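What follows is the residue order along each chain.
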Amino acid sequence: MSSVESQQEQSSQSDPSPSPNSCSSFELVDMDAGSLYEPVSPHWFYCKIIDSKETWIPFNSQDSQQLEEAYSSGKDYNRIVPTDGGRYDVHLGERMRYAVYWDELASEVRRCTWFYKGDKDNKYIPYSESFSQVLEETYMLAVTLDEWKKKLESPNREIIILHNPKLMVHYQPVAGSDEWGSAPAEQGRPRTVKRGVENISVDIHCGEPLQIDHLVFVVHGIGPACDLRFRSIVQCVNDFRSVSLNLLQTHFKKAQENQQIGRVEFLPVNWHSPLHSTGVDVDLQRITLPSINRLRHFTNDTILDVFFYNSPTYCQTIVDTVASEMNRIYILFLQRNPNFKGSVSIAGHSLGSLILFDILTNQKDSLGDTDSEKDLPSIFIDQGDTPTLEEDLKKLQLSEFFGIFEKEKIDKEALTLCTDKDLQEMGIPLGPRKKILNYFRTRKNSMGVNRPTPQSPAGANMSNIPKESEFYSSTNGLDVGIGQVPVKYPRLIYKPEIFFAFGSPIGMFLTVRGLKRIDPNYRFPTCKGFFNIYHPFDPVAYRIEPMVVPGMEFEPMLIPHHKGRKRMHLVFFFTCVSELREGLTRMSMDLKNNLLGSLRMAWKSFTRAPYPALQVSETAEETEAEPESNSEKPSDINTEENPVPVKEEAPPIHVGMLNGGQRIDYVLQEKPIESFNEYLFALQSHLCYWESEDTVLLVLKEIYQTQGVFLDQPLQ
């Protein structure tokens, strides 16, 4: 008998409580009941590499059942089973799992029946299918013949002992234990062995609804990582999707029970990898300094994406990648979901929202719906009246050629359509020709002066060709080309229903480009809705509504808490927080005064010069006045002096047609702990949207409202 078995017997004798080795009465009853062997119920798992470590994750019960049915059919070698809502395919013959819509390393798939506990954590690891079959056959004989203490050796020379149905252990050979050629023995700490997935602690979800009501493409911002855990856009969108599935069960329960809705599919769009696979990283590495290597690598891989987007070459790569990826995924999605009848929306985080904004503003409606968009005013710059052709020529010091254009009846609109050959035939020399063409073509792309309205498909206008790309223009009522490099924007093969921007710098970029006001009547050519969603402490986010209504000051719309309350409704808690902040402020000011006083006294003793004391107490009182006033406001929730960024009793604010007449800016409520220090949570607030129930619920609410489906109970 081995040392471990003898230790177990000794422990069983010393311990009065029934042990797995002892033949107690309850064990005999259990063994008699278990003498009738029942086959184990298998469950399917797949392996993911997380933090350089293999982790086995169970398929949801619905997918596992489909895989088992395909396996039991006996024709599994060439069988492909879609899983995870159709986002992955499992090749049963290969036992591999492949991503459908994006690039990802293939994962091993395993039909699991027996498990053992890992050494570094409490997660169970499945045995291989072949060895699990050996374990199951041994277990069947032990139960049938009531003969236990079975010892098996795995292909890795590990020892498994089946003491009884309740106690099965796994031993790993200690390194160097068989240096003299001895057989491996059960050494080291034993690990628990379990039979069947129902006996291990693991979360197995039921699965996702088969019906897909709406498709949302999600575009990431700068860098390859999208949150503080340095996860990819795929992983973050997985969280966003999981939160949406939970909220559908809690907030759209009636609609689900009535089978009115299924789910919303969120698919990631990655543009960072194609951009950095162009060879630019190699070029950057040659000129990067060797010092502070990690910081410089982070800058090259992340922050420089903003500069890439302002480069003519790489901006074209980015917009081409985003548009082509969304078109490709959309076509593939329709092929895999032929019964899909829903609409499509798009969402962008950080820089990704700006990319989508620029793409949307440069779309042309080629499906014959241009009548409603012919007369859309443009976003314009506050720079006075548009100069005439004569004034432009005078500015170029080419006034002598105005008579030629007047004789040919050429105005500014016609001049933008003229070629170099046309001007040459008019007798204009080469130098003036180049000046005129360069000036007016630049004006056409950046200022949108007198561009013709796109015609219907019957008009045979080039703008109606679906695959043609255009420069920035005001053809569809947008003038965003000021300060922006000329880039051709691809066409989307669908019309987005709603555009959601998370933590978006759109307002800042438009302002830097020279825009000062958005015409209230402007709307996207092909997209009906636009929601600018941000956290109040997000350092990257900017508002849009003040650019539409610059003469008014008003707060953004407050996004309700997903549980139907305001986070700051706990007046007592908020008052405590405010008093704590006030106390800390006073304490810091007292310390500051004492320190300054000590320094002044020391300085006076050395210099003997009568310096006046700094008057810091008055400034301290002024700074304390603001927290005090702010701390009183939340207690007055139902009054008109409500500090929460929503004035429900105020008259409606008209912010134009960019969101179909609805409000555009929507602000999340900060958590109570975040109110302690805005700067401490600034970075986290820019990355909080992926797991924010409030954000996801707003997205779901707006999407399903377009289908006539509403929340079970309106949120207050």
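These figures come from a predicted structure and were not determined experimentally.

Within the chain one finds 22 helices and 19 strands. Scored against the burial criterion, the 716 residues of the chain give a buried share of 45%. Restricting the contact set of the chain to residue pairs at least 6 apart, pairs at least 24 apart contribute 71%. For the chain, the exposed surface amounts to about 38,200 Å²; the carbon and sulfur share of it is 53%.

On to the side chain of Ser345. Mapped onto the secondary structure, Ser345 falls in strand S15 (residues 343–349). For Ser345, the side chain forms a polar contact with the side chain of His214, separated by 2.7 Å. At a separation of 3.2 Å, a polar atom in the side chain of Ser345 contacts the main-chain amide nitrogen of Ile498. Residues in contact with Ser345, not counting those within four places in the same chain, are His214, Leu215, Val216, Phe217, Glu497, Ile498 and Phe500.

Further remarks concern the packing of aromatic side chains. Enumeration according to the criterion identifies 26 aromatic pairs in this entry. Centroid distance Phe333 to Phe340: 5.0 Å. Interplanar angle 85°. Geometry classified as edge-to-face. Since its relative accessible area comes to 1%, Phe333 is described here as buried. Chaining the aromatic ring pairs together yields one cluster made of Phe240, Phe266, Phe502, Tyr689 and Trp690. The ring centre of Tyr46 lies 3.8 Å from the NZ or CZ of Arg97, which sits over that ring.

Right, let's get into the nonpolar core. In this structure, Phe217, Met326, Phe499 and Phe530 are the most contacted members of the largest nonpolar core, which totals 100 residues. A total of nine residues in this core trace back to one element, the largest contributor, which is helix H10 (residues 312–336). Sequence-distant contacts of Phe499, defined by excluding residues within four places in its chain, comprise Ile346, Gly348, Ser353, Leu356, Phe357, Leu360, Ile506, Phe524, Cys527, Gly529, Phe530 and Phe531. Core analysis: the second largest hydrophobic core is formed by 16 residues, Leu393, Ile428, Leu437 and Tyr439 among them.

Attention shifts here to unusual backbone geometry. Positive phi, close to 60°, is recorded for Lys149, a residue that is not glycine. Despite not being glycine, Phe230 has its phi angle at roughly 55°, a positive value. For Phe230, the position within the fold is in the loop between strand S13 (212–219) and helix H5 (233–251). On the accessibility criterion, Phe230 (65% relative accessible area) is exposed.

For Thr288, the position within the fold is in the loop between helix H8 (280–287) and helix H9 (293–309). Among the polar contacts listed, one links the side chain of Thr288 to the backbone oxygen of Leu284, at a separation of 2.5 Å. Side chain to side chain, Thr288 and Asn300 meet in a polar contact 3.0 Å long. With sequence-adjacent residues up to four places away left out, Thr288 is seen in contact with Arg296 and Asn300.

Whether parallel or antiparallel, the strands of a sheet pair through hydrogen bonds between backbone atoms. Judged by pairing direction, the sheet is parallel, and its seven strands sit side by side in the order S14-S13-S15-S16-S17-S19-S18 without closing on themselves. The strands lining the two open edges of the sheet, one partner per strand, are strand S14 (263–269) and strand S18 (557–558). Strand direction decides the pairing type here: S13 and S14, joined by seven bridges, are parallel. Considered in S14, the bridge of Val218 is made with Pro268. Of the strands in this sheet, S13, S15, strand S16 (496–502) and strand S17 (529–534) touch helix H11 (residues 351–361), which is tilted by about 135° from S15. Strands S13, S14, S16, S17 and strand S19 (665–667) of the sheet are contacted by helix H22 (residues 693–705), whose axis makes an angle of about 165° with S16.

Interaxial distance between H9 and H11 falls to 11 Å at its minimum, and their mutual angle equals 15°. By the angle class used here, H9 and H11 are roughly parallel. Crossing of H9 over H11 shows left-handed handedness. Contact residues: H9 offers Asp305, Val306 and Tyr309, while H11 offers Leu351, Leu354, Ile355 and Asp358. Looking at side-chain class alone, the contact of H9 with H11 contains five nonpolar, no polar and two charged residues.

Take H10 next. The terminal C-alpha atoms of H10, which comprises 25 residues, lie 36 Å apart, in line with the 36 Å expected from a rise of 1.5 Å per residue. Within the span of H10, buried status applies to Cys315, Ile318, Val319, Thr321, Val322, Ala323, Glu325, Met326, Asn327, Ile329, Tyr330 and Phe333. On its buried side, H10 packs onto S13, S14, helix H7 (272–276), H9, S15 and H11.

Scanning the entire structure with this criterion turns up 26 salt bridges. Between Arg95 and Glu129 there is a salt bridge; the shortest N-O distance is 2.8 Å. Note that Arg95 is positioned in the loop between strand S4 (88–91) and strand S5 (96–99) and Glu129 in helix H4 (residues 129–145), a separation of 34 residues in sequence. You can call Arg95 buried: its relative accessible area is 16%. Take Glu129: its relative accessible area is 24%, and that puts it in the partly exposed class. Arg110 serves as the salt-bridge partner of Glu108, at 3.0 Å between the closest nitrogen and oxygen. Assessed through its relative accessible area of 34%, Glu108 is described here as partly exposed. Shared partners join several salt bridges into a network, and the residues in it are Arg87, Glu208, Arg241, Arg263 and Glu265.

What counts, and at which threshold
- Residues numbered from 1 in each chain as written.
- Predicted model: local features only at pLDDT ≥ 70, side-chain atom pairs only at ≥ 80, totals over all residues.
- Heavy atoms only, no water.
- Helix = DSSP H or I, 4+ residues; strand = E, 2+ residues; numbered from the N terminus.
- Buried < 20%, exposed > 50% of the residue type's maximum accessible area, 1.4 Å probe, protein only.
- Contact = heavy atoms within 4.5 Å.
- Areas by Shrake-Rupley, 256 points an atom, 1.4 Å probe, with all protein chains shown as cover.
- Polar contact = N/O pair within 3.5 Å; in protein donor to acceptor, adjacent residues only side chain to side chain.
- Phe/Tyr/Trp six-rings, centres within 6.5 Å; stacked < 30°, edge-to-face > 60°.
- Lys NZ or Arg CZ within 6 Å of the ring centre and 35° of its normal.
- Core = buried A, V, L, I, M, F, W, Y, C linked by side-chain atoms within 4.5 Å.
- Pairing = 2+ DSSP bridges.
- Axes fitted to C-alpha atoms, helices over the stretch in contact; angles between N-to-C directions.
- Parallel < 35°, antiparallel > 145°, perpendicular 65-115°, else oblique.
- Left-handed = near helix turned anticlockwise from the far one by under 90°.
- Nonpolar A, V, L, I, M, F, W, Y, C, P; charged D, E, K, R; others polar.
- Expected span 1.5 Å × (residues − 1).
- Salt bridge = Lys/Arg side-chain N within 4 Å of Asp/Glu carboxyl O.

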